[in-house]
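Close look at the chain arrangement
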Amino acid sequence: MKIYEKIAEQDVLKVLSDACFSIDSRDPCFRTIPNIAWLLHTSNYQVRKNMRKLVEQGFAKKVCVYVYDDYKDVGFPQTGYRLTLKGKSTEKYKEVEKYHREIFGEVAIMLMD
């Protein structure tokens, strides 16, 4: 039996905030439940439980996006979550933004906006 880490809403909020500054993502600010679970070394259940609370509080919203292959030939829908404007006004988001500004500088932040 695999032991999963218990997580808090703030952990999920941090992953969603990090996603907004990610340069390796095809769709910034978007993460799926399994992706967040993998990043936090926990179960989908733990993430879903905390994500439900974030959605109820208005910090995140459920969205469906189309993901395309490298040739943009075939697209398929993928359901995940994004931060709302309320989520982007949290202290956790501001901490992550400050960290990324220090690491990558102003130029990278302007390119990502």
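To keep things clear, this report deals only with the structure shown in the data block.

What counts, and at which threshold
Residues numbered from 1 in each chain as written. Predicted model: local features only at pLDDT ≥ 70, side-chain atom pairs only at ≥ 80, totals over all residues. Heavy atoms only, no water. Phe/Tyr/Trp six-rings, centres within 6.5 Å; stacked < 30°, edge-to-face > 60°. Lys NZ or Arg CZ within 6 Å of the ring centre and 35° of its normal. Core = buried A, V, L, I, M, F, W, Y, C linked by side-chain atoms within 4.5 Å. Buried < 20%, exposed > 50% of the residue type's maximum accessible area, 1.4 Å probe, protein only. Helix = DSSP H or I, 4+ residues; strand = E, 2+ residues; numbered from the N terminus. Contact = heavy atoms within 4.5 Å. Arc of directions from axis to C-beta. Polar contact = N/O pair within 3.5 Å; in protein donor to acceptor, adjacent residues only side chain to side chain.

Next up on the list: the packing of aromatic side chains. A complete count under the given rule lists one aromatic pair for this structure. Note that Lys86 overlies the ring of Phe59, its terminal NZ or CZ placed 5.0 Å from the centroid.

On to the nonpolar core, then. Grouped together as the largest cluster of nonpolar side chains are 21 residues, with contacts concentrated most on Val12, Leu16, Ile36, Met51 and Leu54. Among the secondary structure elements, those contributing two or more residues to this core are helix H1 (9-19), helix H2 (33-40), helix H3 (44-57), strand E2 (75-83) and helix H4 (91-112). Beyond its immediate sequence surroundings of up to four residues, Met51 is in contact with Val12, Leu16, Ile33, Ile36, Ala60 and Tyr81.

A separate point is H2. Among the residues of H2, those classed as buried are Ile33, Ile36, Ala37 and Leu40. Around the axis of H2, the buried residues are gathered within 100° of arc, so they sit on the same side. Looking at the packing, one finds that the buried side of H2 touches H1, H3 and E2. Its side-chain oxygen 3.2 Å from the backbone nitrogen of Asn35, Thr32 forms the N-cap of H2. Just beyond H2, the residue with positive phi is His41, at close to 55°.

What is shown is where atoms sit, not what they do.
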